[in-house]
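Working through the structure, step by step
Chain residues, written in single-letter form:
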Amino acid sequence: MVDVVFFDLDGTLVDHRRAAFAAIGGIVGGATGAAEAVGSARPAGSAGPAGSAGPAGSVAELAAEWWALEARHMWEYLDGECSFAEQHRRRARAFLPLLGEPVSEDPAALDRWIAERYLPALQESWQCYADVLPCLEALGRMPGRRPRLAVLTNGDPGQQRAKLDRFGLAGHFEAVLTPTELGAAKPAAYAAACRRMGTVSERAVNVGDMLPTDVTAAAVAGLTGVWLDRGVDFVTGGPSPVAEPSVLRIERLTELPDLLAQMGS
């Protein structure tokens, strides 16, 4: 019998990739407009101020670069090399020159750039997948002893809870577990997450869109991994990877209640 179902968050419940690309698209567009305005206001032949050259690439190129910086520096945070705020600063230090903007040596200035320009645009672009709420409601109606639900995510606890609150999802979950609470990130966090929920790995299921970390690593830890294949690779944006035939795979979260019922029968 399944006792606990852990859900990944980004790419599973909320479309973080699309939000990040949209946020950077808006920032790049604003920087391009500012650079063009400076250029048109300058007398012919005059040199512009430092940092007014404009973005060094297209919106798509710079959004992809930001995404790569996020992947690199988030793992530094998850590995304990830096704080969550510092990984944001590292991303800003590398990205601002690509926008044609100066990089301040003051960490507080970098914090303001993240807080005032990036995070509001990111949060405005968050979208909950359409299959999430129907899945959670169906799980709540399952007959008999229903599995307990928890979110297991490598993200920042404040930011991840804000996503759940935004879309009215928090009440469906008994816990929101992050590296802050568990002392480790996925995949090392699976054992700690089971202990926190008072269950054993053999009675736990992990659902997520990342085949290596949400499914394969979960299985190595003794859980049952269920791959939510949304048809796109969360990291690269390309086609989904190819899974072994033995992998439990669903294309929509609304398929999960029936799958769990079959597992418990």
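Residues numbered from 1 in each chain as written. Predicted model: local features only at pLDDT ≥ 70, side-chain atom pairs only at ≥ 80, totals over all residues. Heavy atoms only, no water.

1. A closer look at the overall build of the chain
- The number of helices and strands found in the chain is 10 helices and six strands.
- Its C-alpha atoms give the chain principal-axis dimensions of roughly 80 × 35 × 30 Å.
- A burial count over the chain gives 48% of its 265 residues as buried.
- Taking as baseline every contact in the chain between residues at least 6 positions apart, the subset at least 24 positions apart corresponds to 66%.
- Carbon and sulfur atoms form 55% of the exposed surface of the chain, whose accessible area is close to 12,300 Å².
- Side-chain charges of the chain comprise 24 positive and 33 negative groups, with the mean position of each set lying 4 Å from the other. (Helix = DSSP H or I, 4+ residues; strand = E, 2+ residues; numbered from the N terminus. Buried < 20%, exposed > 50% of the residue type's maximum accessible area, 1.4 Å probe, protein only. Contact = heavy atoms within 4.5 Å. Areas by Shrake-Rupley, 256 points an atom, 1.4 Å probe, with all protein chains shown as cover. Lys, Arg positive; Asp, Glu negative; His and termini not counted. Charge placed at Lys NZ, Arg CZ, Asp CG, Glu CD.)

2. Focus on the packing of helix α2 (residues 59-78) against helix α3 (residues 84-99)
- Where α2 contacts α3, the axes come no closer than 9 Å and their chain directions differ by 155 degrees. Between α2 and α3, the interaxial angle falls into the category roughly antiparallel. Where α2 crosses over α3, the two elements pack in a sense that is right-handed. Contact residues: α2 offers Leu62, Glu65, Trp66, Leu69, Glu70, His73, Met74, Glu76 and Tyr77, while α3 offers Phe84, Gln87, Arg90, Arg91, Ala92, Ala94, Phe95, Leu98 and Leu99.
- Here the residues of the contact of α2 with α3 are counted per class, giving 11 nonpolar, two polar and five charged. (Axes fitted to C-alpha atoms, helices over the stretch in contact; angles between N-to-C directions. Parallel < 35°, antiparallel > 145°, perpendicular 65-115°, else oblique. Left-handed = near helix turned anticlockwise from the far one by under 90°. Nonpolar A, V, L, I, M, F, W, Y, C, P; charged D, E, K, R; others polar.)

3. Thoughts on the side chain of Asp209
- Relative to the helices and strands, Asp209 resides in the loop between β4 (204-208) and α9 (211-220).
- Buried charged residue Asp209 carries no salt bridge. Nearest counter-charge: Arg230, at 6.7 Å.
- Within the structure, the side chain of Asp209 is placed 3.1 Å from the side chain of Thr12, a separation counted as a polar contact. (Salt bridge = Lys/Arg side-chain N within 4 Å of Asp/Glu carboxyl O. Polar contact = N/O pair within 3.5 Å; in protein donor to acceptor, adjacent residues only side chain to side chain.)

4. Quick word on the pattern of salt bridges
- Taken as a whole, this structure holds 20 salt bridges when the rule is applied.
- Arg145 serves as the salt-bridge partner of Asp3, at 3.3 Å between the closest nitrogen and oxygen. Taken as a pair, Asp3 in the segment before β1 (4-7) and Arg145 in the loop between α5 (132-140) and β2 (148-152) lie far apart in primary sequence, 142 residues in all.
- Relative accessible area serves as the criterion here: at 5%, Asp3 is assigned to the buried category.
- Here Asp3 ties to Arg148 by a salt bridge, and the two come within 3.0 Å at their closest N and O atoms.

5. Focus: the side chain of Thr12
- In this fold, Thr12 is placed in the loop between β1 and α1 (16-41).
- Using a relative accessible area of 0% as the deciding quantity, one classes Thr12 as buried.
- Contact partners of Thr12, with chain neighbours within four places excluded, come to Tyr129, Val132, Val207, Gly208, Asp209, Leu228, Arg230 and Leu253.

6. Thoughts on the sheet that holds strand β6 (residues 248-250)
- The six strands lie next to each other as β3-β2-β1-β4-β5-β6, forming an open sheet whose pairing is parallel. Of all the strands in the sheet, the pair left with one neighbour each is β3 (175-177) and β6. For this sheet, the mean angle separating the axes of adjacent strands, direction not counted, is 25 degrees.
- Note that β2 and β3 share three bridges and pair parallel. (Pairing = 2+ DSSP bridges.)

7. Quick word on helix α6 (residues 157-166)
- For α6, the complete set of buried residues consists of Pro157, Gln159, Gln160, Lys163 and Leu164.
- Capping the start of α6, Asp156 holds a side-chain oxygen 3.2 Å from the backbone nitrogen of Gly158, two or three residues further along.
- In the stretch just after α6, Gly168 is the one whose phi turns positive, near 65 degrees.

8. Focus on the packing of α3 against helix α4 (residues 107-125)
- Running from amino to carboxyl end, α3 crosses α4 at an angle of 80 degrees, the nearest separation of the two axes being 9 Å. Looking at the two axes, α3 sits roughly perpendicular to α4. Contact with α3, carried on its side by Ala85, His88, Arg89, Arg91, Ala92, Arg93, Phe95, Leu96 and Leu99, involves Pro107, Leu110, Asp111, Trp113, Ile114, Tyr118 and Leu119 of α4 and no other residues of that element.
- Of the residues assigned to the contact of α3 with α4, the class counts are 11 nonpolar, one polar and four charged.

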